[in-house]
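# What the coordinates show
Here is what each chain is made of, one letter per residue.
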Amino acid sequence: MSGGTYDFVVMGGGHNGLLSSIYLAKAGYKVCVLEALDEFGGGTRSGEIAPGYIADQGGMVHNLISRTPIVREDELELFSKYGLEYKFVDSLCCSIFPNEEHLILYSDLDKTCEQIAKFSERDAETYREFVNYFLKLSGAAAAGTAGAIPAYGPMMNVLAMSPEGREFIRVMNSSAQQIVEEWFESEEVRVTLTRWCTEMMIDPRQVGTATLLAFCAALHAPGNPGAPFPVGGCVNFVNALTACARDHGVDLFTNEWVNELVVEDGEVKRVRTKCGDEFVATEGVISTINVRDVYDCLGDAAPAHERDYIAKIKNADFVALNQAFALSKIPEFKAGEAVKDAFCIEFAPEEEEYLRTFSEYLLGGFSPKLPLITIPSLRDPSRAPEGGCVVNVYSYAPWNLDGDWHNWETKGQELKDALWEFFKSRCTNITDDDLVGRWGCTPLEYTEWNPAFRDGDIGQIGMQPSQMYDFRPLPGRGHDYHGDIENLYFLGCSSHPGGAIAASARSGIQKVLEDYGVDFRDIVKK
């Protein structure tokens, strides 16, 4: 039996929960972390899928967290003291089209424009203007990523005071597809740029997706070191966080699935778990789990108007089917050797079919033609034996497959195999004989792999405009990071900016500490 009394109890042992606990402990609080599973990491974990083959099984790209002081300034000594190491790739992504032509987005703007010129000389010149345009908007796009998000009204007022701010408001209310059609004539360029925006798990024709174009432009920002990923897999990122947390006195508990929050006098006082343990929180509770699970734990103690709103929360437009293959050789792509310069190798059909596929997801349809491929072992030999490699094949998919999510139980393996067959068809040298081992999760299996992925949603809740900024997770309360129960905070994926390896809890914890009279700037100096 566990349990005990703490100043703060953190629910969820993913990277956001661990980060929250570290900052609170650095501020002098007694903290514990409760993780439902038997290992930490949440959606950022790795596993050995065959002897010597290490695969990331959730999040893979550390592009967003790499822009924070956690990485750029080694704020928590994860690198200098706890052994975390990143490899950086000069190109984040590329697209491979049906005719095997490709377009690579390099950090180097000139090299990227050379790629674009293969499809349109005009677009190559326009792209320079496009990057400058979005770099000017990048400050507004980054709201809520470095510090606590502002209240929506004041944020809009400030944006409306400058031409750049007013333009960003327009972009916020546009779709990625609308914006790229304003700028570019080439279908290949448009598909490549909007494909990155679909990482929001929303159709690129949906309002709100255009904001991610700012992060495409940020690839070319001065000082950008490239696309990062951790040596040895995301497990080493998690190991560095857990070691740091323990060194700061945080108590870490696994197999502690929270199922009840006890509210007394308007505050959460006790956290109970399925195994019968009780943790007392004298100051507050930090949730990094799915906000809908939090309200299930509150039961009748939840404010009625908040419970009603949470019941209306939207999921993502589509979900993820992810696989990893241990191969005895390195694949050779029909598109050529150059595509391996990119960390994310994305297959894309022609624009009409590409857009139609996103419509089909909402209707329960699936296509194996849009997988995203990563081969981190090309640059990190610790992930595979010599001569071999690990290939991740990640695909979008509908939650309600053919109209019913139960169909994943009977059709999941068939669709996994379809992706494997598609991957082989785009290589020149890979057969079934080269397969050493494999791992995979359908959207349904992902709900078991990480309980926060309700309905297969890897971002916990959808990232539509109505659920971002000050509206995430509660309208008008996102900047507070809590609802009417003022000592129950929502950090991580269920707050802005949503799901990703972005260290979003670092922003929210600044507001938590401010509420308790602690200046965040003081604790990061320690």
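Residues numbered from 1 in each chain as written. Predicted model: local features only at pLDDT ≥ 70, side-chain atom pairs only at ≥ 80, totals over all residues. Heavy atoms only, no water.

The name given to the protein chain in an unreviewed UniProt entry is NAD(P)/FAD-dependent oxidoreductase, with Adlercreutzia equolifaciens subsp. celatus as the source organism.

## Quick word on the sheet that holds strand S6 (residues 91-96)
A sheet is described by the order of its strands in space; here seven strands give the open sequence S7-S6-S14-S15-S16-S13-S17, paired in mixed fashion. Sheet topology places strand S7 (102-106) and strand S17 (435-441) at the edges, where each strand pairs with a single neighbour. When strand polarity is set aside, the average angle formed by the axes of neighbouring strands in this sheet is 20 degrees. Bridging between strand S13 (residues 319-327) and S17 involves six bridges; their strand directions are antiparallel. The residue of S17 that forms the bridge with Phe325 is Arg438. Against the sheet, helix H14 (residues 407-425) contacts S13, strand S14 (342-347), strand S15 (372-374), strand S16 (389-397) and S17, and its axis sits at roughly 55 degrees relative to S13. (Pairing = 2+ DSSP bridges. Helix = DSSP H or I, 4+ residues; strand = E, 2+ residues; numbered from the N terminus. Axes fitted to C-alpha atoms, helices over the stretch in contact; angles between N-to-C directions. Contact = heavy atoms within 4.5 Å.)

## Some thoughts on the pairing of S14
The buried count for S14 comes to six of six residues, which makes it a mostly enclosed element. Judged from the five bridges that link them, S6 and S14 form a sheet pairing that is parallel. Across the sheet, residue Ser95 finds its bridge partner in S14, namely Glu346. Direction of pairing for S14 relative to S15: antiparallel, over a ladder of two bridges. What sits directly across from Ile345, in S15, is Ile373. (Buried < 20%, exposed > 50% of the residue type's maximum accessible area, 1.4 Å probe, protein only.)

## With respect to the environment of Cys275
Counting through the fold element by element, Cys275 comes out in the loop between strand S11 (267-273) and strand S12 (278-287). By relative accessible area, Cys275 is classed as partly exposed at 40%. Remark: the alpha-carbon pair of Cys275 and Gly58, spanning 217 residues in sequence, is separated by 27 Å.

## Quick word on the pattern of salt bridges
Summed over all chains, the structure comprises 34 salt bridges. Between Arg438 and Asp417 there is a salt bridge; the shortest N-O distance is 3.4 Å. Of this pair, Arg438 sits in strand S17 while Asp417 is found in helix H14, placing the two residues 21 residues apart along the sequence. Asp417 gets classed as partly exposed once you look at its relative accessible area, which sits at 30%. (Salt bridge = Lys/Arg side-chain N within 4 Å of Asp/Glu carboxyl O.)

## What to know about empty space enclosed by the protein
For the structure on display, the rule yields one cavity of 30 Å³ or more. Taken as a whole, the largest cavity holds about 30 Å³ of empty space. As for the largest cavity, its lining consists of Lys340, Ala342, Phe343, Ile345, Ile375, Leu378 and Arg379. When its residues are assigned to classes, the lining of the largest cavity shows five nonpolar, no polar and two charged. (1 Å grid on protein atoms, 1.4 Å probe; cavity = no way out; pocket = protein on both sides within 12 Å on 5 of 7 lines; lining within 4 Å. Points joined across faces, edges and corners; volume = space filled by probe spheres on them. Nonpolar A, V, L, I, M, F, W, Y, C, P; charged D, E, K, R; others polar.)

## Considerations on the domain arrangement of the protein chain
Taken domain by domain, the protein chain consists of domain 1 (4-38 + 254-314 + 460-525), domain 2 (45-107 + 317-458) and domain 3 (110-219). Summarising the inter-unit geometry, the C-alpha centres of domain 1 and domain 2 are found 30 Å apart. Domain 1 puts 21 residues into the contact, and the matching count from domain 2 is 22 residues. Overall, the association of domain 1 and domain 2 removes approximately 1700 Å² of surface from exposure, summing both partners, and the carbon and sulfur fraction of that is 59%. Among the residues of domain 1 in contact with domain 2, Leu37, Gln460 and Ile501 are the three that bury the most area, contributing 34% of the side total. In this assembly, domain 1 and domain 2 are joined by four salt bridges. One salt bridge connects Arg454 with Asp293, and the closest N-O pair in it is separated by 2.7 Å. If you look at where domain 1 meets domain 2, you find eight residue pairs in polar contact (both at pLDDT 80 or more). Those elements that provide at least two residues to the side of domain 1 that touches domain 2 are helix H1 (15-26) and helix H11 (291-298). Its residues placed into classes, the side of domain 1 that touches domain 2 shows 12 nonpolar, four polar and five charged. (Domains from an automatic or database assignment. Buried area = accessible area lost by both parts, 1.4 Å probe. Polar contact = N/O pair within 3.5 Å; in protein donor to acceptor, adjacent residues only side chain to side chain.)

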